Amino acid sequence: MDNNNSAVASNRPLAGIAVRIIAVFAIASMIALVKLAADNGVSVIESVFYRQFFALFLLIPIIMLRGGPKTVRTDKFPLHLKRMTVGLTGMIFNFWAVSLLPLAEATTIGFMVPVFATLLAIFLLAEKVGMHRWSAILAGFAGVLIITRPEATGFSWQGVLVALNGALFTAWVSIIIRDLGRTEDPVTVVFWFTIFSLPLLGTAMLWFGQWHDGYSWLLIFGIGLCGGIGQLALTKSLQLAPVSVVLSVDYSALIWATLYGWLIWSTLPTRWTLLGAPLIIGAGLYIAWREGRLAQR
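Residues numbered from 1 in each chain as written. Predicted model: local features only at pLDDT ≥ 70, side-chain atom pairs only at ≥ 80, totals over all residues. Heavy atoms only, no water.

Q: Any chance you could explain the overall build of the protein chain here in plain terms?
A: If you tally the helices and strands in the protein chain, you get twelve helices and zero strands. Mapped from its N terminus to its C terminus, the protein chain presents α and β elements in the order α-α-α-α-α-α-α-α-α-α-α-α. Since a compact globule built from 297 residues should have a radius of gyration of about 19 Å, the 19 Å found for the protein chain is in line with a globular shape. Counting only C-alpha atoms, the protein chain reaches 55 × 55 × 30 Å along its principal axes. Per-residue burial for the protein chain yields a buried fraction of 53% across its 297 residues. Expressed as a percentage of contacts within the protein chain between residues at least 6 apart in sequence, the contacts between residues at least 24 apart total 90%. Looking at the protein chain as shown, the accessible area adds up to about 13700 Å², and 71% of this sits on carbon and sulfur atoms. Looking at the protein chain, you have 20 positive and 13 negative side-chain charges, and the mean spots of the two groups are 9 Å apart. (Helix = DSSP H or I, 4+ residues; strand = E, 2+ residues; numbered from the N terminus. Rg over C-alpha atoms; globule rule 2.2 N^0.38 Å. Buried < 20%, exposed > 50% of the residue type's maximum accessible area, 1.4 Å probe, protein only. Contact = heavy atoms within 4.5 Å. Areas by Shrake-Rupley, 256 points an atom, 1.4 Å probe, with all protein chains shown as cover. Lys, Arg positive; Asp, Glu negative; His and termini not counted. Charge placed at Lys NZ, Arg CZ, Asp CG, Glu CD.)

Below is the structure:
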């Protein structure tokens, strides 16, 4: 059942880029709020739960204005369940990474998403990758090594591994979202992601949930609001244009992460991050350009 013919994935690059800009800003703001909440004693599981819980209150009015529950009907429950499993795992890793690393470093490592997407295409889709994209993959990992440099002291290697896992699962879920976007409306995709994830997170809250002060609750509400807006915009951007088109916008997240890090924590990216980031960003942009060229052929 195709519940919305207008949901079919299209190729409107300018519209996709515009929506992606909104998504990146909202998600960067959410990540900064997650780090603030972690500093104030809010656990990763709590942040993920409330991000989903409060996002539901953003979704419900939108669904009602669009015509009610019938607008989110679907017959693709297995794919939505897969999207929830992969997406929720990636979200937990990404939130955890932010609590362990400075914002700029966590954000930069997150730019490994297109590199991991290429690797997933090799192992999951049996796609053939030539020397050009293999070189980009190696450049991306070289960038990570420069940022984390083995001789660094006081750098959280646990945080690096967590951030890399977050990028891996984010790459995987981006592929799934693009597939869903061929027939499913963005609101439908986000709605079922939220509905499927809340029972699991609610169960985990029996062990992780705790009461907080007013300031923490304000941060938690902001996480849910920014996360909901970001997820809707992110899903819509992937419906409007391919990942390779909107990918370049994602790197503006480093600007927001640097700004938030400076304003809130008085930290700036290290010189090693500034050296490694161009390699990671360049690898991602080259992969997007190369895939675009191959698609044209």
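Q: Sorry if this is basic, but what is going on with the packing of aromatic side chains here?
A: Both the distance between ring centres and the angle between the ring planes are used here to describe each pair of aromatic rings. A complete count under the given rule lists 18 aromatic pairs for this structure. Ring geometry for Phe-25 against Trp-256: centres 4.8 Å apart, planes inclined by 65°, an arrangement best described as edge-to-face. With Phe-25 in helix H1 (residues 13-39) and Trp-256 in helix H11 (residues 253-265), this residue pair connects regions lying 231 residues apart in the sequence. Its relative accessible area of 38% is what places Phe-25 among the partly exposed residues. Since its relative accessible area comes to 29%, Trp-256 is described here as partly exposed. Here the guanidinium or amino end of Arg-83 rests over the ring plane of Phe-193, the centre of that ring lying 3.9 Å away. (Phe/Tyr/Trp six-rings, centres within 6.5 Å; stacked < 30°, edge-to-face > 60°. Lys NZ or Arg CZ within 6 Å of the ring centre and 35° of its normal.)

Q: What exactly am I supposed to notice about the side chain of His-80 here?
A: With respect to the element layout, His-80 can be found in helix H3 (residues 77-100). On the accessibility criterion, His-80 (1% relative accessible area) is buried. In terms of polar contacts, His-80 uses its side chain to reach the side chain of Glu-184, at 2.8 Å. Beyond its immediate sequence surroundings of up to four residues, His-80 is in contact with Thr-74, Leu-180, Glu-184, Thr-188, Val-189, Trp-192 and Phe-196. (Polar contact = N/O pair within 3.5 Å; in protein donor to acceptor, adjacent residues only side chain to side chain.)

Q: Looking at this structure, how should I read the environment of Ile-176?
A: Among the secondary structure elements, Ile-176 is positioned in helix H7 (residues 157-180). Measuring from C-alpha to C-alpha, the distance between Ile-176 and Gly-202 comes to 24 Å, with 26 residues separating the pair along the chain. Those residues in contact with Ile-176 that lie beyond four places of it in its chain are Leu-79, Lys-82, Arg-83 and Val-86.

Q: Please clarify how a nonpolar patch on the surface should be interpreted in this entry.
A: Taken together, the side chains of Leu-259, Trp-262, Leu-263, Ile-264 and Leu-268 define a hydrophobic patch exposed on the protein surface, amounting to about 500 Å² of accessible area. Along the chain, Leu-259 falls in helix H11. On the basis of relative accessible area, Leu-259 is assigned to the partly exposed category, the value being 33%. (Patch = residues over 30% accessible without salt bridge, like charges linked within 9 Å, V, L, I, M, F, W, Y side chains within 5 Å. Salt bridge = Lys/Arg side-chain N within 4 Å of Asp/Glu carboxyl O.)

Q: When you look at the confidence of the model for the protein chain in this model, what are you seeing that I'm missing?
A: Confidence along the protein chain averages 85 in pLDDT terms, with 90% of residues attaining 70 or more. The lowest-confidence element of the protein chain is helix H10 (residues 243-246), averaging 70 in pLDDT; the highest-confidence one is H3, averaging 94. Overall, residues 1-8 carries pLDDT values under 50, and its contacts beyond four positions in sequence, including any with other chains, amount to 24 contacts. (pLDDT = per-residue confidence, 0-100.)

Q: How do you make sense of the side chain of Gln-52 when you look at a structure like this?
A: Residue placement: Gln-52 occurs in helix H2 (residues 44-65). Of the residues examined, Gln-52 reaches a relative accessible area of 0% and is grouped as buried.

Q: Please explain the environment of Gln-231 as it appears in this structure.
A: With respect to the helices and strands, Gln-231 occurs in helix H9 (residues 214-240). Its relative accessible area of 9% is what places Gln-231 among the buried residues. Once the C-alpha coordinates of Gln-231 and Lys-82 are considered, the two residues, 149 residues apart in sequence, prove to be 17 Å apart.

Q: Please explain the pattern of salt bridges as it appears in this structure.
A: As a working rule, side chains carrying opposite charge can pair if their charged atoms are close by. Under the defined criterion, the tally for this structure stands at three salt bridges. Residues Arg-20 and Asp-250 are paired through a salt bridge, measuring 2.7 Å at the closest nitrogen-oxygen approach. One end of the pair, Arg-20, is in helix H1; the other, Asp-250, is in the loop between H10 and H11, with 230 residues separating them in the sequence. Neither residue differs from the other here; Arg-20 and Asp-250 are each classed as buried.

Q: In this structure, what is going on with the packing of H2 against H9? I would like to understand it.
A: Think of two packed helices as two axes; the pair is described by the angle between the axes and how far apart they sit. Between H2 and H9, whose axes approach to 7 Å, the crossing angle comes to 60°. What the angle tells us is that H2 and H9 run oblique. In this structure, H2 meets H9 at a crossing whose hand is right-handed. The residues of H9 that touch H2, namely those facing Ser-47, Tyr-50, Arg-51, Phe-54, Ala-55, Leu-58, Leu-59 and Ile-62, are Trp-217, Ile-220, Phe-221, Ile-223, Gly-224, Leu-225, Gly-227, Gly-228, Ile-229, Gln-231 and Leu-232. Here the contact of H2 with H9 is composed, by residue class, of 13 nonpolar, five polar and one charged. (Axes fitted to C-alpha atoms, helices over the stretch in contact; angles between N-to-C directions. Parallel < 35°, antiparallel > 145°, perpendicular 65-115°, else oblique. Left-handed = near helix turned anticlockwise from the far one by under 90°. Nonpolar A, V, L, I, M, F, W, Y, C, P; charged D, E, K, R; others polar.)

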